[in-house]
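In case you want the letters, here they are:
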Amino acid sequence: MSPRPSLVIVGAGPRGTGFLERLAANLPELYGDRPLDLHLVDPHPPGPGRIWRTAQSPLLWMNSRAEDVTMFTDETVDLTGPVRPGPTVAEWSGIDGRSFPTRLQQGAYLRWVFEQARAALPASVSVHEHRTTALRIGGPREGRQRVWLEGSAAPLAADAVILTVGHLDAEPDPEQRALAGFAARHGLVHLPPDFTADTDLSALPAGRHVLVRGFGLAFVDLMVLLTEGRGGRYEGEGDALVYRPSGREPVLHVGSRRGVPYHSKLGYALDGERPPLPRFFGPEQTDALLRRPGRVDFRRDVWPLIDKELGWAHYHRLFSTHPERTALGPDDFARAYAAAPPRSAELAALVAAAVPDPGDRLDLDALDRPLDGIRFASPEALQNGLRAYVADDLARRHDPAHSADAAVFAGLLSVYGQLLRLGDRVDTGDWWHGFFSYLASGPPGPRLRQLLALSRAGVVRFLGPGLTVEADEERGVFRAASTAVPGQWTEARALVEARLPDPSLERTGSPLLRALHEEGARATTSGLLVVDPVDGRILERDGRPHPRRFALGPHTTARTDSAFTRPRTGGVAFRQNDVAAREALTLLRDGACRLPAPLSA
């Protein structure tokens, strides 16, 4: 008897669950009641996966509001398959939609979504869960694939393989190896880039001075686990919030390239007229870039278009909602803005004349480097200056009078969609993704209020921007300095890299992706797996898409900002899941049609 058709999904976290939902939705149309073996491979629980698993600290939050998180499609998503609506986290769990769910609450929601998607499969589909790690994929391009699993001698047979492995570990780069060796020689503590929730923080005892490099969401988790996680508590609220130490906290000296935390999540919704997007970086512009021979340079060819697109989102909102803060008619401004070249002196002069208050103007360079050129007379002056910066950011991000900031967020989502169309023709590098996260994926406002309280309590100390970290062999300590207080060095016997590992197929902690790269899968210079931007098929070094191997998620050139999204915002990841699911089902169906009919009972 011929073998049953088989599909292997490697990675059963949120992205794998989203793909499964689309597979179940499209299966009746494209595959019917034919038999299918469906294998799910993941060492972590299906649904939440590693990041959202329920076996972690209940103190850790999502950085999205409960009403802004859904795993279900709606009519705003560009789908070929059927729309299958469902609840947001708020609707499913019954919690306040404006609150920030814990990771545990999100994990429970994702588990339920997974169970719903699995239950939607017909009885002809046999589901097999493998709580282990995939090691390697083999097999001919036009034939069945084989997926080797840890702990199993016999590989799984697969007519198609979908990789939805999410964020990955990585082997240390040369700098991290050197720092680890230095720490070992001198009896110091060095914690390399990692998922904070998975890091053993017991090596950081009470009262220990700790250098922390990184001021994004990984730092926020670190801050929470080393303060509230060690018995500290907060009293009061708002600007009067006070931190009461338990006495078990270390002292965290934190700095980064920018020297400031990610911008607070917005404390209001974008109501009224929305900016018409895309306008200056849309299909017309991306098509023109794709017609050019050779590679597209991000800084030269793409960034000016992004700058103008985000500016359009910002000023359209300002002129339509707050005309009293402008000095030119909206139509006149729109015509002049459209005619001015991106990032030109002409455009800058137009904005200066039409928008009197500099606080109402959008300057992406200044946003990216808010402390450039600023010097403080002393470390204490730096603490005061950074506290003022964070307080001002909190005030602005919770004030609808500055709703142009929310329009820029909408512009960022639009830009992300266009970058996906360019695929590997452009390498955005780590900077763009970090900039996006810095503007759009920052911590909840309450977390930054806690940061201010910790700073006032002396538990957190700011190091500033342009951070330099040195290993002092003579003194046997780590040293850090920033450009904000020249000549001022901070010493410590512990260093924490508060960030995720950089993507790299050469150094990835995934043996599966490393083997794919070694066997001919294409990768960008920044280490992302190159895939077809439309259907997610993995591209080989000769440029051909592999007919039976797909990849979706942050390890690919078609990565989106998240596996889930806000309701009614188009859900780019959902569209990708739908296309890939339909392609996989068509492949499976056509192969199944060539098999002999099953024997009757």
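This structure is a prediction, so every number in the text was calculated from the model and none was measured. The numbering scheme is per chain: residues are counted from 1 as the chain's sequence reads. pLDDT decides what is reported in this predicted model: residues at 70 or higher carry local features, side-chain atom pairs at 80 or more are listed and counted, and totals for whole chains, interfaces and linings draw on all residues regardless. Excluded from the side-chain calculations are hydrogens and water; all other atoms, namely the structure's heavy atoms, are used.

Chemist: How would you summarise the packing of aromatic side chains if you had to cite specific residues and measurements?
Modeler: Whether two aromatic rings pair depends on their centres lying within 6.5 Å, for rings of Phe, Tyr and Trp, where Trp uses its six-membered ring; planes under 30 degrees apart make the pair stacked, over 60 edge-to-face, and the rest tilted. With the rule as written, the count across this model stands at 27 aromatic pairs. For the ring pair Y234 and Y243, a centre distance of 5.0 Å and an interplane angle of 55° mean the geometry is tilted. Owing to a relative accessible area of 4%, Y243 belongs among the buried residues under this scheme. Taken together, F298, W303, Y416, W431, W432, F435 and F436 form an aromatic cluster joined through their ring pairs. For a Lys NZ or an Arg CZ to count as sitting over a ring, it must be within 6 Å of the ring centre and within 35 degrees of the ring normal. In this structure, R258 packs its charged tip against the face of Y438, placed 3.9 Å from the ring centre. For each residue, the accessible area found with a 1.4 Å probe, counting protein chains only, is set against the maximum for its type, and the residue is called buried under 20%, exposed over 50%, and partly exposed in between.

Chemist: Kindly report on the pattern of salt bridges, identifying the contributing residues and their values.
Modeler: Pairing of side chains with opposite charge becomes possible as their charged atoms draw close. Here a salt bridge means any side-chain nitrogen of Lys or Arg lying within 4 Å of a carboxyl oxygen belonging to Asp or Glu. What the rule picks out here adds up to 43 salt bridges. Salt-bridge contacts for E67 lead to R98; the nearest nitrogen and oxygen are separated by 2.6 Å. Of this pair, E67 sits in the loop between β2 (36-41) and α2 (89-93) while R98 sits in the loop between α2 and α3 (103-119), and the two are 31 residues apart along the sequence. On the accessibility criterion, R98 (30% relative accessible area) is partly exposed. In this structure, D239 and R449 form a salt bridge, with 3.1 Å as the shortest nitrogen-oxygen distance. Taken together, the residues span a long stretch of sequence, with D239 in the loop between β10 (233-235) and β11 (242-244) and R449 in helix α14 (residues 445-457) at a distance of 210 residues. Classification of D239 as exposed rests on a relative accessible area of 66%. Taking the relative accessible area as the measure of exposure, R449 reaches 26% and is therefore partly exposed. One network of salt bridges, in which partners are shared, links R50, R53, D194 and D198. We count a stretch as a helix when DSSP gives it H or I for four or more residues in a row; a strand needs E for two or more, and each element gets its number in order from the N terminus.

Chemist: If you had to explain the nonpolar core to someone new, which residues and values would you point to?
Modeler: Nine residue types can take part in a nonpolar core, namely buried Ala, Val, Leu, Ile, Met, Phe, Trp, Tyr and Cys, and a core is a set of them joined through side-chain atoms within 4.5 Å. Membership of the largest hydrophobic core comes to 83 residues, with the highest contact counts inside it found for F219, V302, I306 and W432. Among the elements that take part in this core, helix α7 (residues 298-321) stands out by supplying 10 residues, more than any other. In this analysis, two residues are considered to be in contact whenever any of their non-hydrogen atoms come within 4.5 Å of each other. Not counting residues up to four positions away in its chain, the partners in contact with V302 are F281, L289, V296, D297, L419, L422 and V426. Among the nonpolar cores identified, the runner-up in size contains 25 residues, and L38, A160, L552 and A580 belong to it.

Chemist: Now, about the sheet that holds β2: what can you tell me, with residues and values included?
Modeler: A pair of strands is considered paired only if DSSP assigns at least 2 bridges between the two. Strand order in the open sheet formed by 6 strands is β3-β2-β1-β7-β19-β18, with mixed pairing between adjacent strands. Bordering the open sheet on either side are β3 (125-130) and β18 (537-539), each of which pairs with just one other strand. On average, adjacent strands in this sheet sit at an angle of 30° to one another, irrespective of strand direction. Relative to β2, strand β1 (residues 6-10) is paired through 5 bridges, and the arrangement is parallel. The axes used here are C-alpha line fits, helices contributing only the stretch in contact, and every angle between their N-to-C directions lies in the interval 0 to 180 degrees.

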